[in-house]
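In case you want the letters, here they are:
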Amino acid sequence: MLKTRIIPCLDVKDGRVVKGVQFVDLVDAGDPVEAAKAYDAAGADELTFLDITASHEDRGILLDMVRRTAEACFMPLTVGGGVRKVDDIRALLLAGADKVSINPAAVNDRRFVKEAAEKFGDQCIVVAIDAKRVSREGEPPRWEIFTHGGRRETGIDALAFAEEVVSLGAGELLVTSMDRDGTKAGYDIALTRAIADRVHTPVVASGGVGTLDHMVAGVRDGHASAVLAASIFHFGTYTVGQAKQALRDAGLPVRMT
Amino acid sequence: MSVAIIDYGSGNLHSAQKAFERAAREAGLATAVEVSGDPAVVARAERIVLPGVGAFADCRRGLDAVPGMVETLVEQVRRRGKPFLGICVGMQLMASRGLEYVTTEGLDWMPGDVVRIRPSDPSLKIPHMGWNALDARRPHALLDGIATGPDGLHAYFVHSYHLTASAPSDVVATTDHGGAITAMVARDNMAGVQFHPEKSQTLGLALIGNFLRWRP
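Residues numbered from 1 in each chain as written. Chains lettered and ligands numbered in written order. Predicted model: local features only at pLDDT ≥ 70, side-chain atom pairs only at ≥ 80, totals over all residues. Heavy atoms only, no water.

Asks: Any chance you could explain the overall build of chain B here in plain terms?
Replies: The helix and strand inventory of chain B stands at six helices and 14 strands. A principal-axis box enclosing the C-alpha atoms of chain B has dimensions of 45 × 40 × 30 Å. Per-residue burial for chain B yields a buried fraction of 62% across its 216 residues. Surface accessibility of chain B: about 8,000 Å² in total, with carbon and sulfur atoms responsible for 48%. Taking the 21 positively charged and 22 negatively charged side chains of chain B as two groups, their mean positions are separated by 2 Å. (Helix = DSSP H or I, 4+ residues; strand = E, 2+ residues; numbered from the N terminus. Buried < 20%, exposed > 50% of the residue type's maximum accessible area, 1.4 Å probe, protein only. Areas by Shrake-Rupley, 256 points an atom, 1.4 Å probe, with all protein chains shown as cover. Lys, Arg positive; Asp, Glu negative; His and termini not counted. Charge placed at Lys NZ, Arg CZ, Asp CG, Glu CD.)

The structure is reproduced here in structure tokens:
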């Protein structure tokens, strides 16, 4: 039986981990390779790097970082941020990424998803869906896609978008609630579930996790195949092992070995 | 000892190379691991690895595009009996045919078709992506010392198609995703794994170490 994946997400900028990883004593808390190794040892099921470097010129720094990580860690690695062209995907995959997450390029040009999936296979194309609830209190829930860290609205319905990118070849959806991101109030379960029940591809729940119960809810109630978390792992609030135990205690399948 | 990992433009092979080097170190084997698209290098190597990611037809096209590579593989693996490991689509290419988007001929070393996974439970997701345990159907040297079964080690899978072998005896291990999915096949000096040993941490490094020691 396929196991629920627990995925730590590291924000990186100019080849460094933003805020650093503090759950273990690393010689250099900002070194992405050191951080990746620590999560590998901690039993993480995958690792995601989200590059938030503003400039697109320093792509070489990111590629070098991915290369060094892939050489040191024999675990699946997803890289997102600044992916605009087929060549960006090719460069990341050649550097050692297993999956590449695209957004907002997918929003601006949906043919890009199709082109990418046909070239590299749907298994390595993740589409990041950043959504905000736009319905009012008492109305049936509705979410729309937002880009640029939730600042720019697009007017695109999140569920319709999810369905469309999957039909074009997205192999996985990374669903982030922009309402919940950074709040530690838990994933937007209704959003996660609405999308997970709509598409046949795996959904990764993201945005807002603050407790282990939130992770359990993301899978049990949100029907996510994987849960992504950042600060609660980096700052050592919980370990990956504790997260797995919590899922297991809730009767969900996890990989303990 | 020397191992050639065949480079035919199908994805990153650097992490695979590193994983083979590390497994060799851990097994105490002096091993040169070379990533190469040169049939001469493949012909010289004592062990041959065929990786592959993406779509079946694309991979077949890529392999055919390297002059002399398929002929070299047939000569070294089929005639000379060198130990061979196919990984992911590299394993699928061992089949007779791939039925992904279009029907494409495989190498026909492991009779059977590569077909889309159809889980009995429609709520199960495709691609089959993530960690799953192996159910060993029969013993094999590549699984030596690897705990299988529901409480065993896990392998990392990411695929939407799998090889359905015509001869049940070719299937060494399956995994469950709404039905049995072929995880590993083997016959004589040839083995293939649907999962990614280079991404499968403990299980992966152990399996690669076994492959390096394998005397079929």
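Asks: Sorry if this is basic, but what is going on with the layout of surface pockets here?
Replies: Once rolled over the atoms, a probe with the size of a water molecule shows which space is left empty. All names here are of chain A. A volume near 1,300 Å³ is recorded for the largest pocket. As for the largest pocket, its lining consists of 48 residues, and the residues nearest its centre are Asp-11, Leu-50, Ile-52, Asp-130 and Asp-181. Elements supplying a minimum of two residues to the lining of the largest pocket: strand S1 (5–13), strand S3 (47–51), helix H2 (59–72), helix H4 (105–108), strand S6 (125–133), strand S9 (172–177), strand S11 (226–229) and helix H9 (231–234). Counted by class, the lining of the largest pocket contains 18 nonpolar, 20 polar and ten charged residues. (1 Å grid on protein atoms, 1.4 Å probe; cavity = no way out; pocket = protein on both sides within 12 Å on 5 of 7 lines; lining within 4 Å. Points joined across faces, edges and corners; volume = space filled by probe spheres on them. Nonpolar A, V, L, I, M, F, W, Y, C, P; charged D, E, K, R; others polar.)

Asks: Before we go on, may I ask you to explain empty space enclosed by the protein in this structure?
Replies: All names here are of chain A. For the structure on display, the rule yields three cavities of 30 Å³ or more. Within this model, the largest cavity holds a volume of roughly 50 Å³. In terms of lining, the largest cavity is formed by Ile-7, Thr-48, Thr-78, Val-126, Glu-172, Leu-174, Val-204 and Leu-228. Here the lining of the largest cavity is built from residues that sort into five nonpolar, two polar and one charged.

Asks: Quick question: what am I supposed to make of the packing of helix H6 (residues 158–168) of chain A against helix H7 (residues 189–198) of chain A here?
Replies: Packed helices, taken two at a time, are described by the angle their axes make and the gap between the axes. All names here are of chain A. Axis separation between H6 and H7 bottoms out at 10 Å; the angle between their running directions is 35 degrees. For the pair H6 and H7, the crossing hand works out as right-handed. Note on element contacts: H7 touches H6 through Ala-194, Ile-195 and Arg-198, opposite Ala-158, Leu-159, Ala-162 and Glu-163. Residues that form the contact of H6 with H7 fall into these classes: five nonpolar, no polar and two charged. (Axes fitted to C-alpha atoms, helices over the stretch in contact; angles between N-to-C directions. Left-handed = near helix turned anticlockwise from the far one by under 90°. Contact = heavy atoms within 4.5 Å.)

Asks: Got a minute to help me understand the pattern of salt bridges in this structure?
Replies: Between side chains of opposite charge, a pair can form as their charged atoms come close. Tallying each qualifying case throughout the model produces 29 salt bridges over all chains. Put simply, B:Arg60 and B:Asp64 hold a salt bridge, and the shortest N to O gap is 3.0 Å. On the criterion of helical spacing, the pair formed by B:Arg60 and B:Asp64 is a turn pair, its members being four residues apart in helix H3 (residues 56–64). Put simply, B:Asp113 and B:Arg97 hold a salt bridge, and the shortest N to O gap is 2.7 Å. Residue B:Asp113 is located in strand S7 (residues 110–116), and its partner B:Arg97 is located in strand S5 (residues 95–98); the two are separated by 16 residues in the primary sequence. Exposure remark for B:Asp113: the relative accessible area of 18% places this residue in the buried category. In the salt-bridge network here, residues are joined through shared partners; they are A:Arg5, A:Glu46, A:Lys99 and A:Glu172. (Salt bridge = Lys/Arg side-chain N within 4 Å of Asp/Glu carboxyl O.)

Asks: Would you mind showing me how to read helix H3 (residues 86–95) of chain A here?
Replies: Because an α-helix packs 3.6 residues into every turn, residues spaced three or four apart end up facing the same way. Residues and elements named next belong to chain A. Listed as buried for H3 are Val-86, Asp-88, Ile-89, Leu-92, Leu-93 and Ala-95. On its buried face, H3 is in contact with H2, strand S4 (77–80), strand S5 (99–102), helix H5 (111–120) and S6. Gly-96 sits one or two residues past H3 and shows a positive phi near 125 degrees.

Asks: How should I be thinking about the interface of chain A and chain B in this particular structure?
Replies: In many reports, interface size means the accessible area that the parts give up when they come together. Each side of the interface is counted separately: chain A has 36 residues, and chain B has 33 residues. Summing the contributions of chain A and of chain B, the shared interface buries around 2,800 Å²; its carbon and sulfur component is 52%. Among the residues chain A hides against chain B, the three largest losses belong to A:Leu2, A:Phe74 and A:Gln123. Together they make up 27% of the total. At the boundary of chain A with chain B, the tally comes to one salt bridge. Between B:Lys199 and A:Asp98 there is a salt bridge, with its nearest N and O atoms 3.0 Å apart. Between chain A and chain B we count 14 residue pairs in polar contact (both at pLDDT 80 or more) in total. Where the side of chain A that touches chain B is concerned, the elements lending two or more residues are H2, H3 and H5 of chain A. Tallied by class, residues from the side of chain A that touches chain B come to 15 nonpolar, eight polar and 13 charged. (Buried area = accessible area lost by both parts, 1.4 Å probe. Polar contact = N/O pair within 3.5 Å; in protein donor to acceptor, adjacent residues only side chain to side chain.)

Asks: I would appreciate a short explanation of the nonpolar core in the present structure.
Replies: Side chains of nonpolar character tend, in soluble globular proteins, to be buried together. Judged by nonpolar contacts, the single largest core of 78 residues is most densely connected at A:Ile89, A:Ile102, A:Val127, A:Leu173, A:Ile195 and A:Met215. With six residues, the top contributor of residues to this core is H6(A). Of all hydrophobic cores here, the second largest spans 65 residues; its members include B:Leu13, B:Leu85, B:Leu205 and B:Ile208. (Core = buried A, V, L, I, M, F, W, Y, C linked by side-chain atoms within 4.5 Å.)

Asks: Honestly, the packing of helix H8 (residues 212–220) of chain A against helix H10 (residues 240–249) of chain A in this entry has me stumped. Any pointers?
Replies: All names here are of chain A. Where H8 contacts H10, the axes come no closer than 9 Å and their chain directions differ by 50 degrees. For the element pair H8 / H10, the angle class is oblique. For H8 against H10, the interelement crossing comes out right-handed. On H10, the residues touching Leu-212, Met-215, Val-216 and Val-219 of H8 are Gln-242, Ala-243, Ala-246 and Leu-247. (Parallel < 35°, antiparallel > 145°, perpendicular 65-115°, else oblique.)

Asks: Before we go on, may I ask you to explain the packing of aromatic side chains in this structure?
Replies: The geometry of an aromatic ring pair is captured by the separation of the ring centres together with the interplanar angle, meaning the angle of the planes. All names here are of chain B. Inspection of every chain in the model, using the stated rule, returns four aromatic pairs over all chains. Measuring from centroid to centroid gives 5.1 Å for Phe-84 and Trp-109, while their planes differ by 75 degrees, and the two rings are edge-to-face. Taken together, the residues Phe-84 in strand S4 (residues 84–87) and Trp-109 in the loop between strand S6 (104–105) and S7 connect sequence positions 25 residues apart. Under the relative-accessibility criterion, Trp-109 is labelled buried at 3%. With 5.5 Å between their ring centres and 70 degrees between their planes, Phe-157 and Phe-195 make a pair best called edge-to-face. Of the two residues, Phe-157 is situated in strand S10 (residues 154–159) and Phe-195 in the loop between strand S14 (190–193) and helix H6 (201–213); the sequence distance between them amounts to 38 residues. (Phe/Tyr/Trp six-rings, centres within 6.5 Å; stacked < 30°, edge-to-face > 60°.)

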